[in-house]
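Results of the structural survey
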Amino acid sequence: MSTIEQLSTKRIESGNPIITVWRRLKRIPTAVVAWVIISVMVAMAIASLLGVPLTPYSFDQTSTTLLADPSWQHLMGTDELGRDLFTRVIYGSRLSISIGITTAFVALVIGTIYGATAGYCEGKVDSLLMRGVDIAYSLPDLLVMILVGVLVGRGTQGILFALALVSWMGTARLVRAQFMQLKHEEFIEAARACGQPVFPLICKHFLPNAMGPIIVALTFIVPSAILSESTLSFIGLGLSPPACSWGTLAADGWRSLRTHPHLILFPSLFIFLTVLSFNFLGDGLRDALDPRTRLKK
Amino acid sequence: MKFLLPLLAVALVLVLVGAGWNQKSIKPEPGCLRINLGTEPPSLDWSVTVDNYSFDVIANLMVGLTQYRNNLTCKPSVASSWDVLDDGKRYVFHLRKDVLWSDGKPVTAHDFVYAWRRMLTPATAAQNSFLFYDVINAYEFNSGKLKDFQQVGIKALDDYTLEVKLRRPVAYFINITALSPAFPLRQDIVEGFADSWSEPEHIVTNGPFLLTKWQHEYKIELTANQRFFEGEPKLKKIKYFMVPEPSTALALYENGELDFIDNRSFPTPDVERYRTSPMYHNYPLLRNNYVGFNVTKKPFDNKLVRQAFSSAIDRDVFPKILRRKEFPSSCWIPPSLMGYDANSGPNFDAARAQKLLADAGFPDGKGLPPITLLYPQREDVRLVVEAMQDQLKRNLHVNVELINQEWKVFLATCRNDAPQMYRSSWGADFPDPETFMSNFTSRNGNNHTRWKNKTYDDLVERAGGEPNQAKRAALYKEADTLLCKEESPLICTYLASQNILVRPWVRGLEFNAMDLQFFKTVWIEDSSPLSFRGFSRGICRGSSKFESIKLNAVKSRQIPRIARNDKGCRISQRSY
């Protein structure tokens, strides 16, 4: 990965921290590539959500050309019912990407608030809150997701709710550990000594310093949420056909691995690219966000 | 990411080594047939079980009064002979004295009477009890109107003589005596062990194999029964594995860990790879697939909506999607049975379907409540219902939501309260249209559509007792038209075929259109070098076309007043 030296050039510092991070990120080639790929995927998902026709086919439109190999007419071939796989992959991105991002966002919000409270307060509040996390952790994810799926109902909302419910604990623990560590740092004590109230103290000093590990953790939540969704769909609690996600496409496609490998190749390629991109982006963001690299200059 | 490269290298080496090993290890396990059942059988209680997973195991554990041959005629079994008296209304079975239960006690007529009484007792709730409604007072007893079992027409005249009285002569009665609900039961075992009597440590059977091991959700093991009255079978052991995922089962077969796989373990796309292999066999089945409507639920309480849905389906796509030589059919009676007429069912006509839906008050599908279709979780079934969903959307502008359930849950849901639409199939219990037609009579426990029609009931009732073959066929045809075209509580889709891969060392295997998998004649040839040529022609046998399924439904010796049907019930000349 990129080194600190690479980043410490004059022009990247600016008054606005977001611009600084962006400029730093631009210096890391893998992160830029990952950023581009993720942007394309997200754009694709949004286009599909808005109903922009990117291909001449509809995702559930069957035809008589069954199991066709990739060609100019069908870029990724067709499936067992003659549906265009490219169209289905685009349609699938809508759910996979939005589930990944939403889950990560919910985990970020809930986990950070929860972990920050526990880490900042310490003592009895901390042990109470953390026992809560322990209990939530000890419940098997799949069981919770199935129960929620049954209670909330099938379909996208059910999946989103279930995944959000099982994915925030890791972030909470991480944030708590970061806060406890930072609390005894000198700059925090200095800020407190200057009389900074609690809320600005957390926002200005704790969070930016804890952000690196949180972002890295989030980049792992995104791909794991994409995969969990496919598990749910696979056991019949997720989407009902003909709706599809990359997970269901891959689950359906692997049966034909020996005869029609294109059915699994393309969905898995998209899952792979997205997961890899999120990992690279996370790595890049960690370097770009780390305030210690800024101090070193 | 640096650890990724060595990891990949290790994985590659493992794959290569694995591939190398595979080459060597494909050989039979001496004396043992290893097959995949696909799922845990819901129950081995042969009086109440209705699904074919359970029945495949039971068929090798038990024998009844009569037994099916592979050409689907019945031969004497526990009953060495029988007299047909009173114009076919009274049967007297003479039981062999050398048939023993696996604990050494003889099989007596009382065991049959007990089994039938238990099966017909309302509290047992055996769905298959309708098969016996031709026995005097059986329906009355089963529906709780009659409390005294003495009045039901089955009686043990002595230990080895069984008398059955029928309320009307029916052509297919002898076939019913070969079915699992008619098998004998040991009262001391069933009542002594209550719900666990069918576990290997308690069960007592009389067939060619014994249940020796049942590791739930993993494996059932049968071993040869040395006391079997026809002689000990050549196979020492049968192992039924329960691998639900077809691809996994196929991989096990390819690795030489299974000797025989069928549709349950054969992923649709992989059939392509084996089409020319001598290990591959395809034969037609007497199994009709359908999507039923629950007619008590809106909008399918309206006949026009049901007709519209049925007319909007183009059945010709199913063989193209499944690619296993399925036979598209819009009527309920299969082509090889009497009463079949391709025109009994509706033709595909999108314009007519739309008009019917508009007539029902839902022009272009507007105003319809949300519609759900329930299907069991299986790959080929998913493809079929997805294709239907798409056709309904395209031809009728109706959106149908698909919901899948695991097999046991699915069966329970359909039995308790079927959703608006559900996908199911029916395999023949005996080679006669009655087995299909009786499914939708109002008294039948398998009629999850809740559709009740007096005319239909009358037609099927009359056809069952009709001695004249031509008249009987006409009655069934009329009932079939009423069922599929006019009332349409179901959408018939296609007739299934069985696809098999079998290792060349499995000898003596025979196929039949009812998909009865009897293994008492099978043996494992594990010594000589194997030649594929002799094997594919000579040893595995079965019909190859739906119209020419070979059956001699009824023999005149068994039923005096009913004409012989020697032509094998060839009805249709339609080429396939």
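Residues numbered from 1 in each chain as written. Chains lettered and ligands numbered in written order. Predicted model: local features only at pLDDT ≥ 70, side-chain atom pairs only at ≥ 80, totals over all residues. Heavy atoms only, no water.

**Quick look at the packing of aromatic side chains**
Operational definition: When two rings of Phe, Tyr or Trp (its six-membered ring) have centres within 6.5 Å they constitute a pair, described as stacked for plane angles under 30 degrees, edge-to-face for angles over 60, and tilted for the intermediate range. Helix numbering and strand numbering both begin at the N terminus, where a helix is a DSSP run of H or I of at least 4 residues and a strand a DSSP run of E of at least 2. Burial status follows relative accessibility: with a 1.4 Å probe on protein chains alone, a residue under 20% of its type maximum counts as buried, one over 50% as exposed, and anything between as partly exposed. A ring has a charge above it when a Lys NZ or an Arg CZ is no more than 6 Å from the ring centre and no more than 35 degrees off the ring normal.
Tallying each qualifying case throughout the model produces 29 aromatic pairs over all chains. Taking 5.7 Å as the distance between ring centres and 75° as the angle between the ring planes, the aromatic pair formed by A:Tyr120 and A:Phe206 counts as edge-to-face. With A:Tyr120 in helix α4 (residues 85-121) and A:Phe206 in helix α9 (residues 198-234), the pair connects residues that are 86 residues apart, well separated along the chain. What makes A:Tyr120 buried here is its relative accessible area of 16%. Take A:Phe206: its relative accessible area is 0%, and that puts it in the buried class. Ring centres of B:Tyr91 and B:Phe173 lie 4.9 Å apart, and the angle between their planes is 55°; on these two criteria the pair is classed as tilted. With B:Tyr91 in strand β5 (residues 90-95) and B:Phe173 in helix α5 (residues 173-176), this pair connects stretches of sequence that are 82 residues apart. Three or more aromatic residues link up through ring pairs in this structure, and these residues are B:Tyr290, B:Trp332, B:Tyr422, B:Phe436 and B:Phe440. The aromatic ring of B:Tyr139 is capped on one face by B:Arg443, whose charged end is 4.0 Å from the ring centroid. Between B:Arg503 and the ring centre of B:Tyr253, over which it is positioned, the NZ or CZ distance is 4.4 Å.

**Some details on the side chain of B:Lys239**
Residues and elements named next belong to chain B. How we decide: Any pair of nitrogen or oxygen atoms within 3.5 Å is treated as a polar contact; in protein, a donor-acceptor pairing is required on top of that, and neighbouring residues in sequence qualify only through side-chain atoms on both sides. Throughout, a contact is declared for two residues whenever any of their heavy atoms are within 4.5 Å.
Secondary-structure assignment places Lys239 in strand β10 (residues 237-241). With a relative accessible area of 13%, Lys239 lands in the buried category. Here the side chain of Lys239 touches Glu29 through a polar contact of 2.9 Å, side chain to side chain. Excluding residues that lie within four positions of it along the chain, Lys239 makes contacts with Glu29, Cys32, Leu33, Arg34, Ile35, Lys219, Ile220 and Glu221.

**A few points about the interface of chain B and chain A**
Put simply, the rule is: As a working definition, buried area equals the accessible area (1.4 Å probe) given up by two parts on being put together, with both sides summed. Whenever Lys or Arg places a side-chain nitrogen within 4 Å of a carboxyl oxygen from Asp or Glu, that contact is recorded as a salt bridge.
Taken together, the contacts link 28 residues of chain B with 25 residues of chain A. Roughly 2,200 Å² of surface becomes buried between chain B and chain A when both sides are summed, with 51% attributable to carbon and sulfur atoms. Inspection of the region where chain B meets chain A yields 2 salt bridges. Among the salt bridges present, the one from A:Asp252 reaches B:Arg382, with a minimum N-O distance of 3.3 Å. The interface formed by chain B and chain A includes 2 residue pairs in polar contact (both at pLDDT 80 or more). Counting residues per element, the ones that place at least two in the side of chain B that touches chain A are α7 (246-254), α8 (268-274), α10 (317-322), α12 (379-396) and β15 (400-405) of chain B.

**Details of the nonpolar core**
Under the convention used in this document: Residues enter a nonpolar core if they are buried and are Ala, Val, Leu, Ile, Met, Phe, Trp, Tyr or Cys, with the set joined through side-chain atoms within 4.5 Å.
Counting 130 residues, the largest nonpolar core has B:Phe93, B:Trp116, B:Trp332 and B:Phe519 as the members making the most contacts within it. Here this core takes 8 residues from helix α3 (residues 109-120) of chain B, the largest share from any one element. Look past the residues within four positions of B:Trp332 in its chain and what remains in contact with it is B:Asn288, B:Tyr290, B:Trp426, B:Phe436, B:Met437, B:Phe440, B:Asp480, B:Leu483, B:Cys484, B:Leu490 and B:Cys492. Core analysis: the next-biggest nonpolar cluster, separate from the first, contains 39 residues, A:Val133, A:Leu218, A:Val222 and A:Leu289 among them.

**What about the confidence of the model for chain B?**
Residue and element names in this part refer to chain B. As a reminder of what qualifies: Each residue gets a pLDDT score, which is the predictor's confidence in that residue and runs from 0 to 100.
Overall, the prediction assigns chain B a mean pLDDT of 84, with 87% of residues at 70 or greater. The model gives residues 529-540 a pLDDT under 50, and that stretch makes 25 contacts with residues more than four places away or in other chains. Confidence over residues 551-576 falls short of pLDDT 50; this stretch has 65 contacts with residues more than four positions distant or in other chains.

**A short note on a nonpolar patch on the surface**
Under the convention used in this document: The patches described consist of residues with a relative accessible area above 30% and no salt bridge, like charges being joined within 9 Å and nonpolar side chains (Val, Leu, Ile, Met, Phe, Trp, Tyr) within 5 Å. The Shrake-Rupley method, run with a 1.4 Å probe, gives the accessible areas here. Residue values count only the displayed protein chains as cover.
Taken together, the side chains of A:Trp22, A:Val32, A:Trp35, A:Val36 and A:Val40 present a nonpolar region at the surface, about 440 Å² in accessible area. Mapped onto the elements of the fold, A:Val36 is located in helix α3 (residues 29-50).

**Considering the layout of surface pockets**
How we decide: Method remark: on a 1 Å grid restricted to protein atoms, a set of points is classed as a cavity if a 1.4 Å probe fits but cannot get out and as a pocket if it is open with protein on both sides within 12 Å along at least five of seven lines; lining residues have an atom within 4 Å of a point. Grid points are joined across faces, edges and corners, and a volume is the space filled by probe spheres set on the points.
Empty space within the second largest pocket amounts to approximately 600 Å³. Those elements that provide at least two residues to the lining of the second largest pocket are α2 (17-26), α3, α4, α9 and α11 (262-289) of chain A.

**Some thoughts on the pattern of salt bridges**
A full pass over the atoms with the stated rule returns 43 salt bridges over all chains. For A:Arg173, the salt bridge is made with A:Asp134, and the minimal N-O distance between the two is 2.5 Å. Here A:Asp134 lies in helix α5 (residues 123-138) and A:Arg173 lies in helix α7 (residues 156-183), a separation of 39 residues in the sequence. Its relative accessible area of 35% is what places A:Arg173 among the partly exposed residues. Classification of A:Asp134 by relative accessible area gives partly exposed; the value is 28%. A salt bridge links B:Asp380 to B:Arg324, with the shortest nitrogen-to-oxygen separation between them at 2.9 Å. Taken as a pair, B:Asp380 in helix α12 and B:Arg324 in the loop between α10 and β13 (327-328) lie far apart in primary sequence, 56 residues in all. You can call B:Asp380 buried: its relative accessible area is 7%. Given a relative accessible area of 3%, B:Arg324 falls into the buried group.

**What about empty space enclosed by the protein?**
The method is simple in principle: a probe with the dimensions of a water molecule rolls over the atoms, and the space it marks as empty is what remains. Taken as a whole and judged by the stated rule, the model has 9 cavities of 30 Å³ or more. Considered as a void within the structure, the second largest cavity measures approximately 100 Å³ in volume. Taken together, A:Asp79, A:Glu80, A:Arg83, A:Leu85, A:Arg88, A:Leu249, A:Asp252, A:Gly253, A:Leu263 and B:Arg382 make up the lining of the second largest cavity. Mapped by element, the contributors of at least two residues to the lining of the second largest cavity are α4 and α10 (246-253) of chain A. When residues of the lining of the second largest cavity are assigned to their parent elements, the largest contribution, 3 residues, is made by α10(A).

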